[in-house]
Amino acid sequence: MSGIGIGLGIVCVISAGIVSSAEADVAPDWSEGACTWTTQSYWQDDNTRQKYTFTPHSDDRVAGECSVQVHAQVGAKRPKSFVELRLSPATPLDLSQAEAVEVWLKVVEGAGWKARNAYFCSPGFEKLAVADWVDEIDMTAPGQWQRAVIDLTNVRVIDKATPNQAGSYDRGDVATICLNFELPPGAVDTTLRIDAMRPTTLPPLPERLRAAAVKADWGFWRWRSKYPQRDLSPRPDDGRNLALSLRKLSEGISPERPFLIWGIGPSYLNFLGDGTALACHLRQRFPNAPPIVYKKHVGSSVPWRYVLGWARHVVVPEQPDLVLLYGIGLESDLEKIFQTLRRQTTADIVVASVHWKADDVSFWGKDEDATNFADIPEMRRICAKYGVEFVENRKEWANYLRDHNMEVEVDPEHGLLQDGVQQSKYGALVINENIVRHFAARDTYAYDPNDRERRLGVTRSETDGGQECATAMGPHWTLLDGAAGTDAAGSRIRVQFTGNRIDLIGVRAPDGVRAKIRLDGLPAEEVPCFLAGPIVPGRDNAAPPQGSIGDIGPHGIDLGRGLVPQTWTIRVTDDKGHYELVGSVTGADGEGNVLKPFVSNSGQIGIPPELWRHGAGCVPFLHPWNGKILNKAGDTYTFDVYRACAGIVDFQGNGGEFRTTLFQALPNQSHVLELITAGEGRVTVKRFDVFEPPLR
């Protein structure tokens with residue numbers, strides 16, 4: 001974080017405890033108790049006045065004993081206008097499971113501040129979880145107390161070691177909360193009051209996503225108007241490989257859930273932005289689209305070889321609707337990513353060819369496929385082989401430059417390149433629009449979406465010949481309005497399906513009961529369907545000379561035989577690349593070296609040396625590894641192996657349709673599932689959704 005802290009804080013020593021509001025009991029107010037309030041501006045100039053005074057104010061509060069009054073005096077001339085009001089609790093807070101944080105603000109004197117966002121910071125500000133304000137705060141004039149909610153469900157994480165890259169931070173040790181504001185023009189003499197900062201809940205996800213979309217659309221199209229309009233009408237082949245995505249965007253998803261896009265790649269993908277441009281364009285094209293959520297996992301100069309690990313451990317477990325790949329590397333490694341996604345998900349895949357960089361100028365006007373970062377003809381070939389939507393971004397970028405009398409040059413303000421390598425925000429807009437142009441509904445597609453995702457309604461009779469069906473067994477089921485319901489214990493539904501994943505769509509009721517799940521004759525907890533989660537570097541790992549600790553270490557592992565759900569730790573034992581593998585259940589399970597293939601003694605875990613990265617500069621297809629092992633003794637990497645199933649489904653609740661994934665990561669073949677009601681009470685099943693990836 002830039003800027004220099006200003007020591008004008010106070011320590012509040014007012015008793016804290018459980019407080020209550022008129023609505024319900026609430027959590028303790030963090031703005032009271034043994035907490036410290038300070039400030040930090042993003043600039044310092046001894047000749048410019050800035051003073052912040054924090055004092056308790058007991059006669060004007062929302063809850064508890066007092067509010068905190070902030071008197072801010074800032075000179076008219078200043079380099080920047082951003083300021084933080086920082087709260088440091090006496091002990092770190094665990095907000096890893098919190099949906100949101102509420103805070104109450106009141107302008108007493110002065111006006112014109114604007115709420116920007118909030119940071120939830122680890123000790124030492126190593127990681128910053130950047131969260132948005134859900135509610136707008138009107139600070140244009142003195143007035144009444146206003147409640148603001150800060151959304152923690154989809155935070156952006158800044159790793160201080162590599163601030164331009166995404167990081168990993170679960171908010172389990174929040175040591176400081178920073179409320180960020182933009183100061184108004186001119187001299188500032190303002191008094192604010194802050195109170196009742198504590199955890200809270202959010203409105204239902206679809207509701208808040210729709211509200212956020214309205215705000216995002218307004219801001220994006222206003223910003224977009226600065227640039228030339230483009231013809232983004234579809235061409236004959238656009239969207240041929242996006243049948244499922246276009247069906248979901250056109251018709252919606254029932255029961256409603258977000259349309260999930262996952263982006264993985266190097267900083268090229270990171271500089272495409274946070275998905276706002278894609279989402280705003282898609283909402284404009286498809287008015288009936290469900291809420292759109294965009295997530296990304298990126299690193300510095302990460303070629304396809306290491307992105308493969310993220311595909312396995314980050315993307316596959318979330319089963320997205322669409323995967324976006326934009327990066328560099330060997331096409332043979334890109335093909336392995338395609339194989340992973342095509343075997344384990346039904347997601348559509350979009351790949352765009354890399355944009356023109358400053359060192360590509362020698363190819364300008366000669367060969368638009370030429371670049372040292374990719375073999376673009378080979379990318380086209382393997383995209384066609386796996387039915388991946390290929391975006392001719394490099395050609396279209398070149399056409400855009402010619403059409404607007406621009407050149408391949410660095411011009412952060414008015415050009416398409418921010419520096420010699422990365423695209424500017426303008427350049428990112430051009431790339432995003434090149435991608436979104438492919439989202440066009442067609443009369444025919446390269447595949448039938450029902451071959452990959454389909455619905456099975458519950459009937460009374462099984463089909464012949466092993467065809468897929470969901471059958472209500474016995475006399476106690478009632479079929480009405482497309483749903484099967486029963487109140488009898490031991491009632492069964494038998495489902496024959498082909499695929500690697502199956503979801504249940506049911507209805508909860510106040511008198512609902514649970515149902516047990518079996519698959520292929522086994523209780524769910526014995527079915528061999530496992531996933532491995534992200535590989536997380538230890539907080540105290542040795543930092544490499546450049547980049548972050550996330551740039552070294554294993555980016556992927558292999559799952560073997562006899563898997564037992566547990567947490568695994570890879571612990572480096574010396575500075576020569578030796579390590580040991582220890583399972584929380586299995587215990588010590590073998591020793592290996594980062595340069596050699598490894599399979600654990602139990603056969604559960606394999607660690608391929610080609611997926612162990614040796615620093616940010618390790619880009620195998622561009623230059624050879626220098627032979628230096630950057631890991632140090634004591635470095636650790638942890639990951640979870642877990643069973644991807646639901647053994648029990650609970651139909652008790654306040655009513656309403658729900659979806660739950662019963663099994664994921666199954667062998668992609670024929671299966672027989674049984675649902676068995678566990679008691680006398682209401683169970684209502686509407687249908688089963690079956691997912692069959694195109695590769696086995």
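Remember, predicted model here, so these are calculated numbers, not experimental data.

Rules behind the numbers
Residues numbered from 1 in each chain as written. Predicted model: local features only at pLDDT ≥ 70, side-chain atom pairs only at ≥ 80, totals over all residues. Heavy atoms only, no water. Helix = DSSP H or I, 4+ residues; strand = E, 2+ residues; numbered from the N terminus. Rg over C-alpha atoms; globule rule 2.2 N^0.38 Å. Buried < 20%, exposed > 50% of the residue type's maximum accessible area, 1.4 Å probe, protein only. Contact = heavy atoms within 4.5 Å. Areas by Shrake-Rupley, 256 points an atom, 1.4 Å probe, with all protein chains shown as cover. Lys, Arg positive; Asp, Glu negative; His and termini not counted. Charge placed at Lys NZ, Arg CZ, Asp CG, Glu CD. Pairing = 2+ DSSP bridges. Axes fitted to C-alpha atoms, helices over the stretch in contact; angles between N-to-C directions.

(A) Expanded view of the overall build of the protein. Along the protein, the regular secondary structure elements total nine helices and 39 strands. Radius of gyration (C-alpha) of the protein: 27 Å, near the 26 Å computed for a compact globule of 696 residues. For the C-alpha atoms alone, the extent of the protein along its principal axes is close to 85 × 70 × 60 Å. Classification of the 696 residues of the protein by burial places 53% in the buried group. Excluding contacts between residues fewer than 6 apart, the proportion of contacts in the protein whose partners are at least 24 apart in sequence is 78%. When the accessible surface of the protein is summed, it comes to about 29700 Å², and 49% of that surface belongs to carbon and sulfur atoms. In the protein, which carries 74 positive and 88 negative side-chain charges, the distance between the mean positions of the two groups comes to 2 Å.

(B) Focus on the environment of Phe 82. Structurally, Phe 82 is set in strand S5 (residues 82-88). Taking the C-alpha atoms as reference points, Phe 82 and Ala 175, separated by 93 residues in sequence, lie 21 Å from one another. With residues near it in sequence (within four places) discarded, Phe 82 still touches Ser 41, Tyr 42, Trp 43, Arg 116, Phe 181 and Glu 182.

(C) Looking closely at unusual backbone geometry. Of the consecutive residues Ser 254 and Pro 255, the connecting peptide bond is found in the cis state with omega at -10 degrees. Locating Pro 255 in the fold gives a position in the loop between helix H2 (243-251) and strand S12 (259-265). Positive phi, close to 55 degrees, is recorded for Phe 125, a residue that is not glycine. With respect to the element layout, Phe 125 can be found in the loop between strand S7 (114-121) and strand S8 (127-133). Residue class for Phe 125 comes out buried when judged on its relative accessible area of 16%. Within the chain, Arg 171 stands out as a residue other than glycine whose phi angle is a positive 60 degrees. The residue Arg 171 is located in the loop between strand S9 (146-159) and strand S10 (176-182) in this model.

(D) Region of interest: the sheet that holds strand S13 (residues 292-298). Spatially, the five strands line up as an open sheet ordered S13-S12-S14-S15-S16, and their pairing is parallel. Of all the strands in the sheet, the pair left with one neighbour each is S13 and strand S16 (389-391). Here the strands of the sheet are splayed against their neighbours by 20 degrees on average, with no regard to which way each runs. Pairing analysis gives four bridges linking strand S14 (residues 322-325) to strand S15 (residues 348-352), with the strands arranged parallel. Bridge pairing in S15 places Leu 322 opposite Asp 348. Contacting S12, S13 and S14, helix H4 (residues 276-285) crosses the sheet at an angle of about 155 degrees to S13.

(E) Here's a closer look at the pairing of strand S18 (residues 469-473). In terms of burial, S18 is a largely internal element, four of the five residues being buried. Across two bridges, strand S17 (residues 453-459) lies against S18 in parallel orientation. Following the sheet pairing, Thr 459 is matched in S18 by Thr 471. With five bridges connecting them, S18 and strand S21 (residues 492-499) associate as antiparallel partners. Within S21, the position partnered with Met 473 by the bridge is Arg 492.

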